[in-house]
Amino acid sequence: MEKAMLSRRSFLGTATALASTTAISGRAQAANIPEAPIMDKATMQPPLHPSSGPNYRPVVTLNGWTLPWRMNGDWKEFHLVAEPVEREFAEGMKAYLWGYNGQAPGPTIEAVEGDKVRIFVTNKLPEHTTVHWHGVILPNGMDGVGGLSQPHIKPGKTFVYEFQFTKSGSFMYHPHSDEMVQMAMGMMGMIVVHPHDPTFRPVDRDFVFIMSTYDIDPGTYLPKVNEMTNFNMWTWNSRVFPGIDPLAVRLGDRVRVRIGNLTMTNHPIHLHGHKFAVSCTDGGWVPESAQWPETTTDVPVGAIRAFDFLADNPGDWAFHCHKSHHTMNAMGHDVKNLIGVSRTDLARAAGKLAPDAMAMGSTGGAMGEMEMPMPENTLPMMTGTGQFGPIEMGGMFTVVKIRDGLARDSYADPGPYKNPPGTVAYEIDAPDAEPPRQGKPKEATKPAEMKGMKGMKGMKGM
């Protein structure tokens with residue numbers, strides 16, 4: 001276990017703070033509750049290699065970590081603590097969320113097919129909760145639906161879930177107790193169960209993250225839990241670009257990326273420069289005979305998609321949701337389209353009402369280069385800088401960085417890609433005039449609201 005990545009604390013302290021033994025299975029006495037590791041960093045932690053049992057290639061969680069466990073006989077024991085947390089979305093913005101063990105989303109739970117697991121859940125929230133093990137086949141009483149399959153876990157109490165992972169694959173965990181509020185506050189995490197046979201579809205690098213969305217007013221810290229459609233922060237592991245870790249990959253590696261979706265909409269996830277095949281869902285492994293090559297796969301709501309690809313093309317490759325408004329931060333939904341409007345006249349008119357106002361958008365967005373004053377704890381809509389200038393992205397966007405010579409367990413950012421000579425798009429010295437065209441071009445038609453517009457005339461109601 002990487003001691004540097006964890007701090008430990010006991011959440012129960014004295015006997016009076018322990019859950020009563022009636023709330024805990026007879027196979028796990030209260031005095032044997034394991035400590036609960038906590039994470040206070042928002043950067044990807046090193047993979048947690050197994051110290052015993054079957055060997056496997058551990059996963060790494062984007063801007064996250066794997067929950068350590070202890071062996072108690074033939075049971076693998078974990079301890080989750082549901083609690084309020086503070087999460088940095090990217091430098092310059094933090095949110096007050098609910099999560100597990102110091103983070104939202106919670107740590108990845110990693111196990112092996114056939115493992116018997118005992119998961120302690122302590123509730124330090126101001127209301128009751130449960131944990132549902134999404135996609136896991138288990139006894140009904142361990143399914144985690146409050147009121148239906150178990151009592152709710154009241155504040156200050158600890159419950160125990162005991163079951164066996166009977167199949168390998170990619171799964172999630174989240175509450176089924178005041179679900180709308182608790183999931184909107186960030187309570188979720190991923191589960192990865194490795195095949196018992198290490199030769200079954202092995203990969204060299206295995207990444208995992210979960211998608212969530214939030215609506216947080218500029219200058220504030222709390223998400224609106226009753227929102228259903230108008231979100232303004234689209235996150236991977238509750239991070240937005242440029243705060244999302246890059247995926248550092250060694251040239252020639254076989255790579256798996258596991259993606260969970262607990263947002264309110266689907267996400268078409270696109271990888272540049274490579275083809276891939278969906279290898280697994282939360283229902284199980286996709287037979288190789290049923291796979292087909294893709295560069296974009298849609299991840300439905302409440303589902304998981306894992307895909308595999310061969311990293312055979314070096315470079316810095318964009319990796320993102322292909323819904324363009326999901327690669328923006330703090331986006332407003334009532335912004336007028338001012339393309340074609342005279343910026344000078346608009347600035348003059350706006351300046352009379354607000355001297356510090358900035359006219360923008362008359363020729364498009366181009367917001368990556370702008371430095372505008374913003375409320376405290378608010379990110380720009382588009383941000384990030386690359387070796388050639390502003391990247392103009394936000395939200396669900398990061399970079400897969402494929403390099404020759406990376407160490408097997410190195411996931412550090414290798415820096416910008418050094419393109420071989422002659423392999424970067426370039427400008428030529430062409431006349432600054434209308435390019436030659438075949439046939440006589442038709443006169444461009446102006447939008448109806450712009451016809452006859454002079455200066456600010458015609459802008460009524462804009």
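In short, a report on the structure. Owing to the predicted nature of the structure, the values given are computational and were not obtained by experimental measurement.

Calculation criteria
- Residues numbered from 1 in each chain as written.
- Predicted model: local features only at pLDDT ≥ 70, side-chain atom pairs only at ≥ 80, totals over all residues.
- Heavy atoms only, no water.
- Helix = DSSP H or I, 4+ residues; strand = E, 2+ residues; numbered from the N terminus.
- Buried < 20%, exposed > 50% of the residue type's maximum accessible area, 1.4 Å probe, protein only.
- Contact = heavy atoms within 4.5 Å.
- Areas by Shrake-Rupley, 256 points an atom, 1.4 Å probe, with all protein chains shown as cover.
- Pairing = 2+ DSSP bridges.
- Polar contact = N/O pair within 3.5 Å; in protein donor to acceptor, adjacent residues only side chain to side chain.
- Salt bridge = Lys/Arg side-chain N within 4 Å of Asp/Glu carboxyl O.
- Axes fitted to C-alpha atoms, helices over the stretch in contact; angles between N-to-C directions.
- Core = buried A, V, L, I, M, F, W, Y, C linked by side-chain atoms within 4.5 Å.

## Considerations on the overall build of the protein
Looking only at helices and strands, the protein features two helices and 25 strands. Out of the 462 residues belonging to the protein, those deemed buried represent 50%. Considering only contacts within the protein whose residues lie at least 6 apart along the sequence, 75% involve residues at least 24 apart. For the protein, the exposed surface amounts to about 22,500 Å²; the carbon and sulfur share of it is 54%.

## Details of the pairing of strand 20 (residues 296–299)
It is a general feature of regular strands that their side chains alternate between the two faces of the sheet. A one-sided burial pattern is seen for strand 20, the buried positions being Thr 297 and Val 299 and the unburied ones Thr 296 and Asp 298. Sheet topology places strand 17 (residues 267–271) next to strand 20; four bridges connect them, and they run antiparallel. Within strand 20, the position partnered with His 270 by the bridge is Thr 296.

## Remarks on the side chain of Ser 170
By secondary structure assignment, the location of Ser 170 is in strand 11 (residues 169–174). For Ser 170, the side chain forms a polar contact with the side chain of Arg 258, separated by 2.8 Å.

## So, the pattern of salt bridges
Counting across every chain of the model gives 16 salt bridges. The closest approach of N and O atoms between Arg 57 and Asp 409, which form a salt bridge, is 2.8 Å. Placement of the pair is Arg 57 in the loop between strand 2 (36–38) and strand 3 (60–61) and Asp 409 in the segment after strand 25 (397–403), with a sequence separation of 352 residues. What makes Arg 57 buried here is its relative accessible area of 13%. In this structure, Glu 88 engages Arg 239 in a salt bridge whose closest nitrogen and oxygen atoms are separated by 2.9 Å. Taken together, the residues span a long stretch of sequence, with Glu 88 in strand 5 (residues 75–90) and Arg 239 in the loop between strand 14 (233–236) and strand 15 (247–250) at a distance of 151 residues. For Arg 239, a relative accessible area of 7% translates into the label buried. Several salt bridges share partner residues, and in doing so they unite Arg 70, Glu 77, Arg 118 and Glu 162 into one network.

## Examining the pairing of strand 5
With 13 of its 16 residues buried, strand 5 lies for the most part within the structure. Relative to strand 5, strand 4 (residues 70–72) runs antiparallel, the two being bridged by three bridges. Paired with Arg 70 across the two strands is Glu 77, which belongs to strand 5. Counting the residues that bridge the hairpin from strand 4 to strand 5 gives two residues, and of these Gly 73 lies at a positive phi of roughly 70°. Two strands pair when backbone bridges link them, and strand 5 and strand 8 (residues 116–123) are joined in this way by eight bridges, in the parallel orientation. Residue pairing in the sheet places Phe 78 in a bridge with Ile 119 of strand 8. Here strand 5 pairs with strand 6 (residues 93–100) via eight bridges, running antiparallel.

## Here's the deal with the sheet that holds strand 15
Strand order across the open sheet formed by five strands is 15-25-22-17-20, with mixed pairing between neighbours. Bordering the open sheet on either side are strand 15 and strand 20, each of which pairs with just one other strand. Averaged over all pairs of adjacent strands, the angle between strand axes in this sheet comes to 20°, irrespective of strand direction. Across six bridges, the pairing between strand 22 (residues 315–321) and strand 25 is antiparallel. Each bridged residue has a counterpart across the sheet, and for Gly 315 the counterpart in strand 25 is Ile 402.

## Digging into the sheet that holds strand 11
The strand order across the open sheet built from four strands is 7-12-11-9, with neighbouring strands paired in mixed fashion. Every other strand in the sheet has two partners, leaving strand 7 (109–112) and strand 9 (132–134) as the edge strands with one partner each. Each strand of the sheet is rotated relative to its neighbour by a mean of 25°, with strand direction disregarded. Summarising the sheet, strand 11 and strand 12 (residues 189–194) pair through five bridges and their orientation is antiparallel.

## Examining the environment of Met 142
By secondary structure assignment, the location of Met 142 is in the loop between strand 9 and strand 10 (158–164). Note on Met 142: relative accessible area 18%, which makes it buried. A C-alpha to C-alpha distance of 7.3 Å links Met 142 and Phe 163, two positions 21 residues apart in sequence.

## Quick notes on the nonpolar core
In this structure, Leu 80, Ile 109, Ile 119, Trp 133, Phe 163 and Ile 191 are the most contacted members of the largest nonpolar core, which totals 35 residues. Mapped by element, the contributors of at least two residues to this core are strand 5, strand 6, strand 7, strand 8, strand 10, strand 11 and strand 12. Setting aside residues up to four positions removed in sequence, Trp 133 forms contacts with Leu 80, Ile 109, Ile 119, Leu 138, Met 142, Asp 143, Tyr 161, Phe 163, Met 172, Tyr 173 and Ile 191. Counting 28 residues, the second-largest nonpolar core is a separate cluster that includes Val 249, Val 257, Ile 259 and Met 396.

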